[in-house]
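Inside the fold
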Amino acid sequence: MRVLILGGDGYLGWPTAMDMAAKGHEVCVMDNYMRRNIARETCSEALMPNPNLHDRCDLFHALTGKRIQVVIGDCADYRQLSKVFIEFQPETVIHYAEQPSAPYSMRGFNEAQLTLNNNLGATFNVLWAVMEHAPECHIVKLGTMGEYGTPNIDIEEGWLEIEHNGRKDKFLFPRQAGSLYHTTKVLDTDLIWFYVRTHNLRVTDLMQGPVYGLYTKESEADDRLLPNFHYDDIFGTVVNRFLVQAVAGVPLTVYGKGGQTRGYLNLKDTLQCVNLAMENPVKPGELRILNQFTEQFTVNQLAEKVQHVGNIMGLDVQVNNIDNPRKEMEEHYYNANHSGLLDLGLKPHYMTDEVVAQMLESVMRYKNGIDRTKIEPRVRWERLK
Ligand code: USQ
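Only a predicted model underlies this, so the values are computations on that prediction, with no experimental measurement involved.

Details of unusual backbone geometry
- In this model, tyrosine 33 sits at a positive phi of 60°, which is unusual for a non-glycine residue.
- Here tyrosine 33 shows up in the loop between strand E2 (26-31) and helix H2 (34-41).
- Taking relative accessible area as the criterion, tyrosine 33 reaches 17% and is therefore assigned buried.
- Phi is positive for glutamine 89, close to 50°, though the residue is something other than glycine.
- Mapped onto the elements, glutamine 89 comes out in the loop between helix H4 (78-88) and strand E4 (92-95).

Section: the packing of helix H6 (residues 109-133) against helix H7 (residues 180-199)
- The N-to-C vectors of H6 and H7 enclose an angle of 20°; their axes lie 10 Å apart at closest approach. Viewed along their axes, H6 and H7 adopt a mutual orientation that is roughly parallel. Once H6 is placed against H7, the crossing between them reads as right-handed. The residues of H7 that touch H6, namely those facing Ala112, Thr115, Leu116, Asn119, Leu120, Thr123, Phe124, Leu127, Trp128 and Met131, are Leu180, Tyr181, Thr184, Leu187, Asp188, Leu191, Ile192, Tyr195 and His199.

Observations regarding the side chain of serine 179
- Structurally, serine 179 is set in the loop between strand E7 (167-172) and H7.
- Taking the relative accessible area as the measure of exposure, serine 179 reaches 5% and is therefore buried.
- A polar side-chain atom of serine 179 sits 3.3 Å from the main-chain amide nitrogen of tyrosine 181.
- At a separation of 2.7 Å, a polar atom in the side chain of serine 179 contacts the side chain of histidine 182.
- Dropping the residues within four chain positions of it, serine 179 is found in contact with Ala102, Ser105, Met106 and Trp381.

Regarding the environment of glutamate 111
- With respect to the helices and strands, the residue glutamate 111 is situated in helix H6.
- Of the residues examined, glutamate 111 reaches a relative accessible area of 13% and is grouped as buried.
- If we ignore the near neighbours within four places in the chain, the residues touching glutamate 111 are Tyr104 and Ser105.

Quick look at the packing of helix H10 (residues 299-312) against helix H12 (residues 353-364)
- Interaxial distance between H10 and H12 falls to 9 Å at its minimum, and their mutual angle equals 70°. Taken together, the axes of H10 and H12 are roughly perpendicular relative to one another. Taken together, the residues of H12 that come into contact with H10 (itself represented by Lys305, Val306, His308, Val309 and Gly310) are Asp353, Val356, Ala357 and Leu360.

Considerations on helix H9 (residues 267-279)
- For H9, spanning 13 residues, the distance from its first C-alpha to its last is 19 Å, which sits close to the expected 18 Å at 1.5 Å a residue.
- The buried count for H9 comes to 10 of 13 residues, which makes it a mostly enclosed element.

Overview of the site of the ligand
- The environment of the ligand is made up of 22 residues, and the closest members are Thr144, Tyr181, Val238, Thr253 and Glu328.
- Here proline 100 contributes a backbone N or O atom positioned 2.8 Å from an oxygen atom of the ligand.
- Between the ligand and threonine 144, the relevant distance is 2.5 Å, taken from an oxygen atom to a side-chain nitrogen or oxygen of the residue.
- When isolated, the ligand has an accessible area of 730 Å², and the protein chains bury 93% of it.
- Among the secondary structure elements, those contributing two or more residues to the shell around the ligand are H7, helix H8 (238-248), strand E10 (252-255) and strand E11 (261-266).
- Here the element with the most residues in the shell around the ligand is E10; it accounts for 3 residues.

Considering the sheet that holds strand E13 (residues 295-298)
- Ordered by their spatial adjacency, 3 strands build an open sheet running E9-E11-E13, and the pairing between neighbours is mixed. On the outer flanks of this sheet lie strand E9 (211-212) and E13, each paired with one strand and no other.
- Pairing between E9 and E11: 2 bridges, direction parallel. Bridge pairing links tyrosine 212 to asparagine 266 in E11.

Cut-offs and rules
Residues numbered from 1 in each chain as written. Predicted model: local features only at pLDDT ≥ 70, side-chain atom pairs only at ≥ 80, totals over all residues. Heavy atoms only, no water. Helix = DSSP H or I, 4+ residues; strand = E, 2+ residues; numbered from the N terminus. Buried < 20%, exposed > 50% of the residue type's maximum accessible area, 1.4 Å probe, protein only. Axes fitted to C-alpha atoms, helices over the stretch in contact; angles between N-to-C directions. Parallel < 35°, antiparallel > 145°, perpendicular 65-115°, else oblique. Left-handed = near helix turned anticlockwise from the far one by under 90°. Contact = heavy atoms within 4.5 Å. Polar contact = N/O pair within 3.5 Å; in protein donor to acceptor, adjacent residues only side chain to side chain. Expected span 1.5 Å × (residues − 1). Near = heavy atom within 4 Å. Areas by Shrake-Rupley, 256 points an atom, 1.4 Å probe, with all protein chains shown as cover. Pairing = 2+ DSSP bridges.

Quick look at the structure:
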(Lines give C-alpha, C1' and ligand atoms only; values in the text may rest on other atoms or scores of the structure.)
Protein backbone atom coordinates (compact mmCIF):
# COMPACT_ATOMS: atom_id res chain seq x y z
CA MET A 1 0.00 0.00 0.00
CA ARG A 2 1.13 3.60 -0.56
CA VAL A 3 1.17 5.12 2.93
CA LEU A 4 1.71 8.81 3.60
CA ILE A 5 2.77 9.56 7.20
CA LEU A 6 2.30 13.18 8.24
CA GLY A 7 4.41 14.11 11.25
CA GLY A 8 6.90 11.39 10.31
CA ASP A 9 9.72 12.82 12.43
CA GLY A 10 7.85 12.35 15.72
CA TYR A 11 7.87 9.92 18.63
CA LEU A 12 5.07 7.96 16.93
CA GLY A 13 5.58 8.95 13.27
CA TRP A 14 9.14 7.71 12.88
CA PRO A 15 8.63 4.20 14.37
CA THR A 16 5.42 3.90 12.32
CA ALA A 17 7.31 4.78 9.13
CA MET A 18 10.00 2.16 9.75
CA ASP A 19 7.44 -0.47 10.71
CA MET A 20 5.35 0.09 7.59
CA ALA A 21 8.39 0.18 5.29
CA ALA A 22 9.69 -3.03 6.88
CA LYS A 23 6.30 -4.66 6.17
CA GLY A 24 6.74 -3.84 2.48
CA HIS A 25 4.53 -0.77 2.12
CA GLU A 26 5.61 2.17 -0.01
CA VAL A 27 6.13 4.89 2.62
CA CYS A 28 6.46 8.66 2.33
CA VAL A 29 6.98 10.81 5.45
CA MET A 30 6.30 14.52 5.65
CA ASP A 31 7.36 16.78 8.53
CA ASN A 32 8.30 20.42 9.06
CA TYR A 33 10.45 19.77 12.18
CA MET A 34 8.09 21.88 14.30
CA ARG A 35 8.51 19.66 17.35
CA ARG A 36 12.31 19.73 17.02
CA ASN A 37 12.25 23.52 16.81
CA ILE A 38 9.91 23.93 19.78
CA ALA A 39 12.03 21.50 21.78
CA ARG A 40 15.11 23.62 21.06
CA GLU A 41 13.30 26.88 21.87
CA THR A 42 11.99 25.57 25.20
CA CYS A 43 15.18 23.65 26.22
CA SER A 44 13.25 20.38 26.02
CA GLU A 45 15.62 18.33 23.87
CA ALA A 46 15.23 14.54 23.73
CA LEU A 47 17.45 12.22 25.78
CA MET A 48 19.16 10.53 22.82
CA PRO A 49 20.75 12.24 19.84
CA ASN A 50 18.18 12.44 17.08
CA PRO A 51 19.58 12.39 13.52
CA ASN A 52 17.42 14.30 11.03
CA LEU A 53 14.92 12.45 8.82
CA HIS A 54 17.19 12.20 5.75
CA ASP A 55 20.03 10.74 7.82
CA ARG A 56 17.76 8.29 9.62
CA CYS A 57 16.20 7.15 6.33
CA ASP A 58 19.67 6.60 4.84
CA LEU A 59 20.68 4.58 7.88
CA PHE A 60 17.43 2.58 7.76
CA HIS A 61 18.09 1.86 4.07
CA ALA A 62 21.67 0.77 4.76
CA LEU A 63 20.45 -1.63 7.48
CA THR A 64 17.33 -3.04 5.80
CA GLY A 65 17.50 -2.27 2.08
CA LYS A 66 14.10 -0.51 2.43
CA ARG A 67 13.54 3.07 1.39
CA ILE A 68 11.38 5.73 3.02
CA GLN A 69 10.68 8.83 0.95
CA VAL A 70 11.14 12.14 2.84
CA VAL A 71 9.41 15.48 2.29
CA ILE A 72 10.39 18.34 4.60
CA GLY A 73 7.29 20.48 4.43
CA ASP A 74 4.38 21.98 6.32
CA CYS A 75 0.99 20.21 6.29
CA ALA A 76 -0.64 23.46 7.41
CA ASP A 77 0.41 24.91 4.01
CA TYR A 78 -2.15 23.58 1.53
CA ARG A 79 0.06 24.06 -1.54
CA GLN A 80 2.83 21.94 -0.04
CA LEU A 81 0.46 19.22 1.14
CA SER A 82 -1.44 19.10 -2.19
CA LYS A 83 1.80 18.60 -4.09
CA VAL A 84 2.63 15.55 -1.97
CA PHE A 85 -0.86 14.10 -2.46
CA ILE A 86 -0.75 14.66 -6.24
CA GLU A 87 2.69 13.10 -6.62
CA PHE A 88 2.45 10.24 -4.09
CA GLN A 89 -1.27 9.35 -4.45
CA PRO A 90 -1.59 7.76 -0.99
CA GLU A 91 -4.03 4.93 -0.35
CA THR A 92 -3.77 5.56 3.40
CA VAL A 93 -2.73 8.78 5.10
CA ILE A 94 -1.71 8.60 8.76
CA HIS A 95 -2.13 12.02 10.30
CA TYR A 96 0.16 12.68 13.29
CA ALA A 97 1.12 16.20 12.18
CA GLU A 98 0.07 18.15 15.25
CA GLN A 99 1.69 20.07 18.07
CA PRO A 100 1.35 17.27 20.68
CA SER A 101 2.18 18.91 24.01
CA ALA A 102 -0.55 19.97 26.45
CA PRO A 103 1.86 22.06 28.60
CA TYR A 104 3.23 23.87 25.53
CA SER A 105 -0.30 24.80 24.46
CA MET A 106 -0.91 26.35 27.92
CA ARG A 107 2.32 28.34 28.05
CA GLY A 108 1.00 31.63 26.68
CA PHE A 109 -0.82 33.33 23.81
CA ASN A 110 1.75 32.58 21.08
CA GLU A 111 2.00 28.91 21.97
CA ALA A 112 -1.79 28.55 22.20
CA GLN A 113 -2.28 30.28 18.86
CA LEU A 114 0.40 28.17 17.17
CA THR A 115 -1.20 24.98 18.53
CA LEU A 116 -4.69 26.00 17.40
CA ASN A 117 -3.64 27.19 13.93
CA ASN A 118 -1.28 24.33 13.23
CA ASN A 119 -3.50 21.51 14.46
CA LEU A 120 -6.77 22.70 12.95
CA GLY A 121 -5.01 23.95 9.81
CA ALA A 122 -3.25 20.64 9.20
CA THR A 123 -6.42 18.59 9.76
CA PHE A 124 -8.48 20.88 7.50
CA ASN A 125 -5.84 20.60 4.76
CA VAL A 126 -5.65 16.81 5.03
CA LEU A 127 -9.44 16.59 4.58
CA TRP A 128 -9.32 18.87 1.53
CA ALA A 129 -6.27 17.16 0.00
CA VAL A 130 -8.10 13.83 0.23
CA MET A 131 -11.30 15.29 -1.26
CA GLU A 132 -9.46 16.96 -4.12
CA HIS A 133 -6.64 14.56 -4.93
CA ALA A 134 -7.25 11.10 -3.43
CA PRO A 135 -10.97 10.64 -2.61
CA GLU A 136 -10.60 6.88 -1.97
CA CYS A 137 -7.80 7.40 0.56
CA HIS A 138 -8.48 6.16 4.11
CA ILE A 139 -7.50 8.76 6.72
CA VAL A 140 -6.12 7.34 9.98
CA LYS A 141 -6.07 10.28 12.36
CA LEU A 142 -4.47 10.40 15.79
CA GLY A 143 -6.88 11.82 18.32
CA THR A 144 -6.56 11.53 22.08
CA MET A 145 -8.40 10.00 25.02
CA GLY A 146 -8.05 13.47 26.53
CA GLU A 147 -10.86 14.63 24.23
CA TYR A 148 -13.36 12.96 26.57
CA GLY A 149 -11.87 14.44 29.74
CA THR A 150 -12.82 12.65 32.95
CA PRO A 151 -16.63 12.39 32.95
CA ASN A 152 -18.48 10.78 35.84
CA ILE A 153 -19.94 8.15 33.47
CA ASP A 154 -18.41 5.29 31.43
CA ILE A 155 -16.57 6.51 28.31
CA GLU A 156 -17.78 4.83 25.11
CA GLU A 157 -15.84 4.46 21.86
CA GLY A 158 -16.60 7.78 20.23
CA TRP A 159 -20.38 7.66 20.15
CA LEU A 160 -23.26 7.70 22.62
CA GLU A 161 -26.89 6.79 22.09
CA ILE A 162 -29.10 9.29 23.89
CA GLU A 163 -32.78 8.95 24.75
CA HIS A 164 -34.51 12.27 25.23
CA ASN A 165 -38.25 12.86 25.67
CA GLY A 166 -38.97 9.36 24.42
CA ARG A 167 -36.83 9.59 21.25
CA LYS A 168 -33.35 8.15 20.58
CA ASP A 169 -30.39 9.26 18.47
CA LYS A 170 -26.64 8.65 18.31
CA PHE A 171 -24.17 11.51 18.81
CA LEU A 172 -20.44 11.99 19.29
CA PHE A 173 -19.69 11.18 22.95
CA PRO A 174 -19.60 14.45 24.96
CA ARG A 175 -16.12 15.95 24.99
CA GLN A 176 -14.56 18.33 27.51
CA ALA A 177 -10.80 18.51 27.29
CA GLY A 178 -8.37 19.68 29.94
CA SER A 179 -5.89 21.69 27.84
CA LEU A 180 -5.92 23.80 24.69
CA TYR A 181 -3.94 21.06 22.92
CA HIS A 182 -6.57 18.44 23.82
CA THR A 183 -9.28 20.92 22.78
CA THR A 184 -7.76 21.20 19.29
CA LYS A 185 -8.27 17.45 18.97
CA VAL A 186 -11.93 17.85 19.97
CA LEU A 187 -12.28 20.48 17.25
CA ASP A 188 -10.50 18.17 14.77
CA THR A 189 -13.05 15.45 15.48
CA ASP A 190 -15.95 17.81 14.83
CA LEU A 191 -14.35 19.01 11.59
CA ILE A 192 -13.70 15.45 10.47
CA TRP A 193 -17.25 14.34 11.26
CA PHE A 194 -18.65 17.25 9.22
CA TYR A 195 -16.60 16.31 6.13
CA VAL A 196 -17.21 12.58 6.55
CA ARG A 197 -21.00 12.94 6.63
CA THR A 198 -21.07 15.61 3.92
CA HIS A 199 -18.42 14.34 1.49
CA ASN A 200 -18.31 10.59 2.12
CA LEU A 201 -14.71 10.51 3.35
CA ARG A 202 -13.33 7.40 5.08
CA VAL A 203 -11.81 8.15 8.48
CA THR A 204 -10.60 6.26 11.54
CA ASP A 205 -10.03 8.58 14.51
CA LEU A 206 -7.85 6.92 17.14
CA MET A 207 -8.38 8.21 20.69
CA GLN A 208 -4.98 7.40 22.12
CA GLY A 209 -3.87 7.55 25.75
CA PRO A 210 -0.36 8.53 26.90
CA VAL A 211 2.29 6.32 25.27
CA TYR A 212 5.48 4.99 26.90
CA GLY A 213 8.56 3.13 25.73
CA LEU A 214 11.66 3.50 23.59
CA TYR A 215 12.43 0.58 21.34
CA THR A 216 10.42 -0.96 18.54
CA LYS A 217 11.61 -3.84 16.36
CA GLU A 218 13.58 -1.63 13.97
CA SER A 219 15.33 0.56 16.56
CA GLU A 220 16.42 -2.55 18.47
CA ALA A 221 18.90 -3.06 15.59
CA ASP A 222 20.56 0.35 15.99
CA ASP A 223 20.04 3.05 18.62
CA ARG A 224 20.38 5.75 16.00
CA LEU A 225 16.91 4.65 14.81
CA LEU A 226 15.30 5.44 18.19
CA PRO A 227 12.52 8.03 18.13
CA ASN A 228 12.78 11.28 20.08
CA PHE A 229 12.45 10.21 23.72
CA HIS A 230 11.54 13.19 25.92
CA TYR A 231 11.58 13.40 29.70
CA ASP A 232 11.14 17.15 30.16
CA ASP A 233 7.92 18.73 31.46
CA ILE A 234 6.81 19.87 27.98
CA PHE A 235 7.19 16.86 25.68
CA GLY A 236 7.79 14.03 28.15
CA THR A 237 4.80 11.85 28.92
CA VAL A 238 4.41 10.70 32.49
CA VAL A 239 5.81 7.15 32.33
CA ASN A 240 8.86 8.16 30.29
CA ARG A 241 9.45 10.99 32.76
CA PHE A 242 9.24 8.66 35.76
CA LEU A 243 11.74 6.22 34.17
CA VAL A 244 14.29 9.00 33.67
CA GLN A 245 13.66 10.48 37.12
CA ALA A 246 14.20 7.05 38.71
CA VAL A 247 17.52 6.66 36.90
CA ALA A 248 18.63 10.23 37.69
CA GLY A 249 17.81 9.90 41.41
CA VAL A 250 15.16 12.64 41.22
CA PRO A 251 11.98 11.93 43.28
CA LEU A 252 9.14 10.99 40.92
CA THR A 253 7.03 14.09 40.23
CA VAL A 254 3.47 12.99 41.01
CA TYR A 255 1.24 16.01 40.31
CA GLY A 256 -1.16 16.66 43.20
CA LYS A 257 -2.87 13.71 44.87
CA GLY A 258 -1.94 11.37 41.99
CA GLY A 259 -5.39 9.84 41.58
CA GLN A 260 -5.57 11.04 37.94
CA THR A 261 -6.49 7.95 35.87
CA ARG A 262 -5.67 7.57 32.18
CA GLY A 263 -5.47 4.72 29.65
CA TYR A 264 -1.84 3.90 28.74
CA LEU A 265 -0.13 1.91 26.00
CA ASN A 266 3.30 0.74 24.91
CA LEU A 267 4.79 2.40 21.82
CA LYS A 268 4.88 -1.07 20.21
CA ASP A 269 1.08 -1.21 20.54
CA THR A 270 0.64 2.17 18.84
CA LEU A 271 2.22 0.56 15.78
CA GLN A 272 -0.06 -2.47 16.01
CA CYS A 273 -3.15 -0.27 16.38
CA VAL A 274 -2.31 1.94 13.42
CA ASN A 275 -1.62 -1.14 11.29
CA LEU A 276 -4.92 -2.71 12.34
CA ALA A 277 -6.80 0.49 11.50
CA MET A 278 -5.09 0.64 8.10
CA GLU A 279 -5.63 -3.03 7.25
CA ASN A 280 -9.33 -2.77 8.15
CA PRO A 281 -10.42 0.44 6.40
CA VAL A 282 -13.87 1.92 6.85
CA LYS A 283 -16.49 2.50 4.17
CA PRO A 284 -17.00 5.89 2.49
CA GLY A 285 -19.11 8.11 4.75
CA GLU A 286 -18.00 6.32 7.93
CA LEU A 287 -16.18 7.86 10.89
CA ARG A 288 -14.92 5.04 13.09
CA ILE A 289 -13.64 6.05 16.52
CA LEU A 290 -11.48 3.62 18.49
CA ASN A 291 -10.14 4.11 22.01
CA GLN A 292 -6.44 3.31 21.79
CA PHE A 293 -4.97 2.15 25.09
CA THR A 294 -4.43 -1.18 26.80
CA GLU A 295 -4.49 -0.52 30.57
CA GLN A 296 -5.77 2.11 32.99
CA PHE A 297 -3.59 3.42 35.82
CA THR A 298 -3.59 6.27 38.30
CA VAL A 299 -0.41 8.36 38.44
CA ASN A 300 0.19 6.92 41.94
CA GLN A 301 0.05 3.38 40.56
CA LEU A 302 2.59 4.28 37.87
CA ALA A 303 4.90 5.82 40.45
CA GLU A 304 4.58 2.73 42.68
CA LYS A 305 5.42 0.44 39.74
CA VAL A 306 8.53 2.39 38.75
CA GLN A 307 9.60 2.68 42.39
CA HIS A 308 9.09 -1.04 43.06
CA VAL A 309 11.06 -2.21 40.00
CA GLY A 310 13.69 0.54 40.35
CA ASN A 311 14.39 -0.41 43.95
CA ILE A 312 14.79 -4.10 43.02
CA MET A 313 17.39 -2.92 40.48
CA GLY A 314 19.29 -1.02 43.17
CA LEU A 315 18.03 2.46 42.39
CA ASP A 316 16.85 4.44 45.39
CA VAL A 317 13.54 5.67 43.97
CA GLN A 318 11.63 8.29 45.97
CA VAL A 319 8.15 9.63 45.16
CA ASN A 320 7.16 13.24 45.71
CA ASN A 321 3.61 14.61 45.49
CA ILE A 322 4.20 18.13 44.17
CA ASP A 323 1.78 21.02 43.66
CA ASN A 324 -0.21 20.19 40.49
CA PRO A 325 0.68 22.67 37.69
CA ARG A 326 -2.43 21.57 35.75
CA LYS A 327 -6.12 22.07 36.34
CA GLU A 328 -7.50 18.54 36.40
CA MET A 329 -9.40 16.23 38.72
CA GLU A 330 -7.03 14.39 41.04
CA GLU A 331 -9.58 11.81 42.19
CA HIS A 332 -12.33 10.75 39.82
CA TYR A 333 -14.32 7.95 38.21
CA TYR A 334 -12.74 6.57 35.02
CA ASN A 335 -13.92 3.60 33.00
CA ALA A 336 -13.30 3.73 29.25
CA ASN A 337 -14.44 1.10 26.76
CA HIS A 338 -11.59 -0.06 24.53
CA SER A 339 -12.82 -3.22 22.88
CA GLY A 340 -12.67 -2.05 19.24
CA LEU A 341 -8.97 -2.56 18.63
CA LEU A 342 -8.96 -5.84 20.61
CA ASP A 343 -11.77 -7.05 18.32
CA LEU A 344 -9.61 -6.13 15.32
CA GLY A 345 -6.81 -8.31 16.72
CA LEU A 346 -4.65 -6.15 19.01
CA LYS A 347 -2.32 -8.26 21.20
CA PRO A 348 -1.33 -5.88 24.02
CA HIS A 349 2.15 -5.54 25.50
CA TYR A 350 1.24 -4.91 29.14
CA MET A 351 3.32 -2.89 31.62
CA THR A 352 4.77 -5.82 33.55
CA ASP A 353 7.66 -5.49 36.01
CA GLU A 354 9.87 -7.04 33.33
CA VAL A 355 8.87 -4.39 30.79
CA VAL A 356 9.51 -1.60 33.33
CA ALA A 357 12.91 -3.16 34.14
CA GLN A 358 13.88 -3.31 30.46
CA MET A 359 12.91 0.33 29.97
CA LEU A 360 14.89 1.37 33.06
CA GLU A 361 17.94 -0.54 31.76
CA SER A 362 17.67 1.23 28.40
CA VAL A 363 17.45 4.65 30.05
CA MET A 364 20.42 3.78 32.32
CA ARG A 365 22.63 3.54 29.22
CA TYR A 366 21.91 7.24 28.61
CA LYS A 367 22.19 8.32 32.26
CA ASN A 368 25.03 10.76 31.57
CA GLY A 369 22.87 12.70 29.13
CA ILE A 370 20.08 13.43 31.64
CA ASP A 371 19.72 17.14 32.40
CA ARG A 372 18.06 17.42 35.81
CA THR A 373 17.00 21.02 35.17
CA LYS A 374 14.48 19.80 32.55
CA ILE A 375 12.36 17.89 35.05
CA GLU A 376 10.42 20.34 37.24
CA PRO A 377 7.16 21.59 35.68
CA ARG A 378 7.58 25.07 34.19
CA VAL A 379 4.06 25.67 32.83
CA ARG A 380 1.11 26.33 35.12
CA TRP A 381 -2.46 26.11 33.79
CA GLU A 382 -3.72 28.84 36.12
CA ARG A 383 -0.94 31.35 35.91
CA LEU A 384 -2.92 33.89 37.92
CA LYS A 385 -3.58 31.46 40.79
N1 USQ B 1 1.63 13.80 35.37
C2 USQ B 1 2.20 13.72 36.64
N3 USQ B 1 3.53 13.96 36.74
C4 USQ B 1 4.32 14.26 35.67
C5 USQ B 1 3.73 14.33 34.40
C6 USQ B 1 2.37 14.10 34.29
O7 USQ B 1 1.52 13.44 37.64
O8 USQ B 1 5.52 14.47 35.85
C9 USQ B 1 0.17 13.52 35.21
C10 USQ B 1 -0.59 14.61 34.52
O11 USQ B 1 -0.98 15.62 35.41
C12 USQ B 1 -1.75 13.82 33.91
C13 USQ B 1 -1.15 12.45 33.61
O14 USQ B 1 0.04 12.38 34.39
O15 USQ B 1 -2.77 13.66 34.84
C16 USQ B 1 -0.79 12.25 32.16
O17 USQ B 1 0.05 13.28 31.74
P18 USQ B 1 1.00 13.17 30.44
O19 USQ B 1 1.87 14.38 30.44
O20 USQ B 1 1.63 11.83 30.37
O21 USQ B 1 -0.08 13.20 29.27
P22 USQ B 1 -0.88 14.38 28.59
O23 USQ B 1 -0.38 15.73 28.91
O24 USQ B 1 -2.33 14.15 28.85
O25 USQ B 1 -0.55 14.18 27.06
C26 USQ B 1 0.02 13.00 26.51
C27 USQ B 1 0.59 13.34 25.14
C28 USQ B 1 -0.54 13.80 24.24
C29 USQ B 1 -1.62 12.73 24.21
C30 USQ B 1 -2.09 12.40 25.62
C31 USQ B 1 -3.07 11.27 25.70
O32 USQ B 1 1.59 14.33 25.26
O33 USQ B 1 -0.03 14.10 22.95
O34 USQ B 1 -2.70 13.18 23.45
O35 USQ B 1 -0.95 12.00 26.39
S36 USQ B 1 -4.29 11.53 26.95
O37 USQ B 1 -3.66 11.95 28.19
O38 USQ B 1 -5.03 10.31 27.11
O39 USQ B 1 -5.13 12.61 26.47
